[in-house]
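Read off the chains here:
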Amino acid sequence: MLRTDHANNERVNTSLSEAPVTAPSRLPAGLAALTGVLALAAALATGHLVAAFVGIGASPYLAVGNAAIDLAPAWLKDFAVSAFGTGDKAVLLVGMAVVLVVLAIVAGLISRTRPLPGQWFVGVFGILGIIAVYTRPNLGQVALIAPVVSLFAGVLGFRALHNAAMNALLDERFEDAPRSAGRRRILFTGVAVGAGLVGGLGQWIGSGRDAEGSRSAVGPLVPARPAPPIPADADFAKLGTPTFLTANADFYRVDTALVLPQIRAEDWSLRIHGMVDREITYTYADIRNRPLVERIVTLCCVSNPVGGPYISTATFLGVDLAGLLGEAGVRPGAEQLYSTSVDGFTAGTPIPTVLDPDRGAMLVIGMNGEPLPVEHGFPARLVVPGLYGYVSATKWVTDLEVTTWDARRPYWLERGWAQRAPIKTQSRIDAPHGAVPAGRVRLAGIAWAQHTGIARVEVRLDGGPWRPATLSADVTDDAWRMWWAEVDAAPGGHQASVRATDRSGYLQTDEFADVVPDGATGWHTITFTAR
C-alpha cells in the first residue's frame, strides 16, 4: 500500500520490503538556470508594464540602461559612437540583456537546494533598479512604483518557480515521469509566454501616446521668411560628394536617449524662467502660430572624428530664440541658457551667442519641409549655428533656464567636455574609394566652418604640393561647401589629403586632436590604388 505524507513532502512505502523515497535534494543545473532566467523575465516584464502607466523611462531595464549611459566615462561613449554609430543604443540594450541573463543563470545555479540565495541575488539587482529610477532627473516619485513592483515580482517569482520545479521533480518519482515532465514544461513555457505578453503589452501601452500620429496631424508648416533657393551647383553629388541637403532619414543621430521620447504636440510646452523679468510658458500652438523663419544649417557632432560621418545639413523651420528670450527679458549677469530635454538631458549655451541677432539661434519645429521627425526632437528642439550640438542642439526641449555657469552644470560639462564649443574648421574626402584607373583621378568631398564660411580648399597627393580645389556655390556661411579637384596618379598606391581655409583666414591645422574635450582636428587623409 502506497501512502503520501504531504506535511513532510515525502512519499513513504509502507511495504517492509521497500525503502522510503524522499524528495530530491537539489535541482538539476539546467532546470535551476531556467528558473533564474524565467524569474528575470517575469520581473522585467512586470516592471515594463507598470512603467507604461507611470512613465516608460521608469522601466527598470531602461532606467538601468540610462544610468549606464550617464555613468560611462567619456572615452567609452566616444568608442561606442565611433564603433557602432547610431546603433550604439541597440548594442547597449543587447549587451545588458546578455549580462542580465548570465546573472539570472548564476542566481539559479546558487539556489539548486533552496531558493533563498537566488532571491537575495535578485533582490540586490531589484534595488539597483529602484536607485536607477530614483536618480533619473525626469522621473517623479510615482515612477518608483515600477521598479518596486518589478523587485517583488522577481523575488516572489523566483521562489514560486523554484518550489514548482522541486515539486515537479518529486512528482516524477511517483508518477508517470514523461507526463510529469510534460506538465513542468507547460508551466515553464506558460511563464515564458506570459512574461513576453506582459512585456509586449507594456511596450504597446508605453508607445501608445502616438507621437508620430500627433506629428502627422500637425500639417504643413509654411515659413514667413523662407530660406534662399539652393542653386544647382550647391553640391557635386555626381562626383561623389553628399547631396547639399541631407534627407531626414539619413540625417545623423547621436544623443543619450535610450528610447525615443514620445511627446504629442498637444501635450508639449516650453517654460522660460530663471534670470528673466517674467516667466513664460509657450504651447506648441503658440510657436506654430508665430511667423516662422527657415534657415539652412549644417549640424556637426563633437564626437565626429577627422573624416567622420556625423555631419548633415537641413532646412530648419522655427522661431528666433532671441525673440522668445526678449519677451521674457534677460537680466544682467546671465551667462548661459540651460536647456533641458524631456528625458532629462541638459545643455548650456552661452547667452551672448543666443542673443546675437546675426547668429540665428532657433527653436525649431520643422525640418526639410515637414514637422520634426520624432528621432530628431519632435515636437521642438534647439539649433544654434556654429556650435557643436552638445552645447546647442537639445532635442525634445521642454525647459529653458536663464542662469550662470556656476549655478548650473550641463550634462557634458560634468563629464569633462568643454564649456564653449565652436565648430572647428574641417574638411573631408568622400571620393574616390578603393581602386581607380590610373591617370587623372578626381577627388571630391566637403568642408565646413559654420557661421564663418569656407574660403578655400586644397588637396595634395603623396605629400606633394597643395593644389586648389573647385568649390561649390556658396549658399550660407552656416552650411558646408562641396569641392572637387583632379590629380595625376601613376599606377600604384597613393595617399590624398585635404585642408580648408575659412573666411577669417584660419588655415585648418594638421595637428591631430581627439574629439575630447571640444572636437577633433587634423587633415583627413585617404589611400587609394590606381591601376
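Refer to the structure printed above.
In this text the structure is predicted, and so the values were computed from the model without any measurement.

### Here we look at unusual backbone geometry
Reasoning step 1: Cis geometry is found at the peptide bond from F378 to P379, where omega equals 10°.
Reasoning step 2: Mapped onto the elements of the fold, P379 is located in the loop between β10 (370-371) and β11 (381-383).
Reasoning step 3: Between A431 and the following residue, P432, the backbone shows a cis peptide bond with an omega angle of 10°.
Reasoning step 4: Looking at the secondary structure, you find P432 in the loop between β13 (426-431) and β14 (435-436).
Reasoning step 5: A positive phi is found at N368, a non-glycine position, where the angle reads about 55°.
Reasoning step 6: Within the secondary structure layout, N368 lies in the loop between β9 (362-367) and β10.
Reasoning step 7: A relative accessible area of 22% places N368 in the partly exposed class.
Reasoning step 8: One non-glycine residue, D462, adopts positive backbone phi at about 55°.
Reasoning step 9: Looking at the element boundaries, D462 is found in the loop between β16 (454-461) and β17 (467-468).

### As for the pattern of salt bridges
Reasoning step 1: Under the criterion given, the structure shown has 23 salt bridges.
Reasoning step 2: In this structure, the salt-bridge partner of R503 is D477, at a minimum N-O distance of 2.5 Å. Highlighted residues: R503 in the loop between β20 (492-502) and β21 (524-530) and D477 in the loop between β18 (470-471) and β19 (481-489), separated in sequence by 26 residues.
Reasoning step 3: According to the relative accessible area criterion, D477 is partly exposed, its value standing at 30%.

Cut-offs and rules
- Residues numbered from 1 in each chain as written.
- Predicted model: local features only at pLDDT ≥ 70, side-chain atom pairs only at ≥ 80, totals over all residues.
- Heavy atoms only, no water.
- Helix = DSSP H or I, 4+ residues; strand = E, 2+ residues; numbered from the N terminus.
- Buried < 20%, exposed > 50% of the residue type's maximum accessible area, 1.4 Å probe, protein only.
- Salt bridge = Lys/Arg side-chain N within 4 Å of Asp/Glu carboxyl O.

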